[in-house]
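What follows is each chain in one-letter form.
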Amino acid sequence: MGSYPAGIASGDDSFIIGELYVVKNQHEFSWAIGQLDDYEGVTVESDEVQLYRREIAEVQINGQITPAWIYWYNGDVNGKTPIVSGDLLAYLGKKI
């Protein structure tokens, strides 16, 4: 998408290699997720476009499946190059 990645949900077995963060202090979760929503463009003003939406997805970590929040891109990706490997860093490394 240019200067930032744009993951979209699909119905197939594709995957995204990413990072999973855990909020250790549960009483701080609402504040932390609010900050992330703001950063990711989920929380918008009435004249702004919502760039991403936050949903629960199944993720695999250390061989285990667990639910986690993910930010899916909320716009059009037609004509954009898919990263088939699911690994943005490897993709960017090949382009440099």
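Residues numbered from 1 in each chain as written. Predicted model: local features only at pLDDT ≥ 70, side-chain atom pairs only at ≥ 80, totals over all residues. Heavy atoms only, no water.

## Focus on a negative patch on the surface
- Judged by side-chain charge, Asp38, Glu45, Asp47 and Glu48 come together as a negatively charged surface patch.
- Relative to the elements of secondary structure, Asp47 occurs in the loop between helix H1 (29-39) and strand E1 (52-61).
- Look at Asp47 and you get exposed, because its relative accessible area is 68%. (Patch = residues over 30% accessible without salt bridge, like charges linked within 9 Å, V, L, I, M, F, W, Y side chains within 5 Å. Areas by Shrake-Rupley, 256 points an atom, 1.4 Å probe, with all protein chains shown as cover. Salt bridge = Lys/Arg side-chain N within 4 Å of Asp/Glu carboxyl O. Lys, Arg positive; Asp, Glu negative; His and termini not counted. Charge placed at Lys NZ, Arg CZ, Asp CG, Glu CD. Helix = DSSP H or I, 4+ residues; strand = E, 2+ residues; numbered from the N terminus. Buried < 20%, exposed > 50% of the residue type's maximum accessible area, 1.4 Å probe, protein only.)

## Digging into the pattern of salt bridges
- On inspection of all chains with the given rule, the structure shows 2 salt bridges.
- A salt bridge links Asp37 to Arg54; the nearest nitrogen and oxygen atoms lie 2.8 Å apart. Highlighted residues: Asp37 in helix H1 and Arg54 in strand E1, separated in sequence by 17 residues.
- The class for Asp37 is buried, based on a relative accessible area of 8%.
- Take Arg54: its relative accessible area is 25%, and that puts it in the partly exposed class.
- Residue Glu55 pairs with Arg53 through a salt bridge whose shortest N-O separation is 2.8 Å.
- On the basis of relative accessible area, Arg53 is assigned to the partly exposed category, the value being 27%.

## Points about the pairing of E1
- Pairing between E1 and strand E2 (residues 64-73): 10 bridges, direction antiparallel. Within E2, the position partnered with Arg53 by the bridge is Trp72.
- In this antiparallel pair of consecutive strands, E1 and E2, the connection spans 2 residues, and Asn62 shows a positive phi of 55°. (Pairing = 2+ DSSP bridges.)

## A word on the environment of Val59
- Inspection of the secondary structure puts Val59 in strand E1.
- Using a relative accessible area of 24% as the deciding quantity, one classes Val59 as partly exposed.
- Once the C-alpha coordinates of Val59 and Leu20 are considered, the two residues, 39 residues apart in sequence, prove to be 8.7 Å apart.
- The residues touching Val59, leaving out its near neighbours within four places in the chain, are Leu20, Gln64, Ile65, Thr66 and Ala68. (Contact = heavy atoms within 4.5 Å.)

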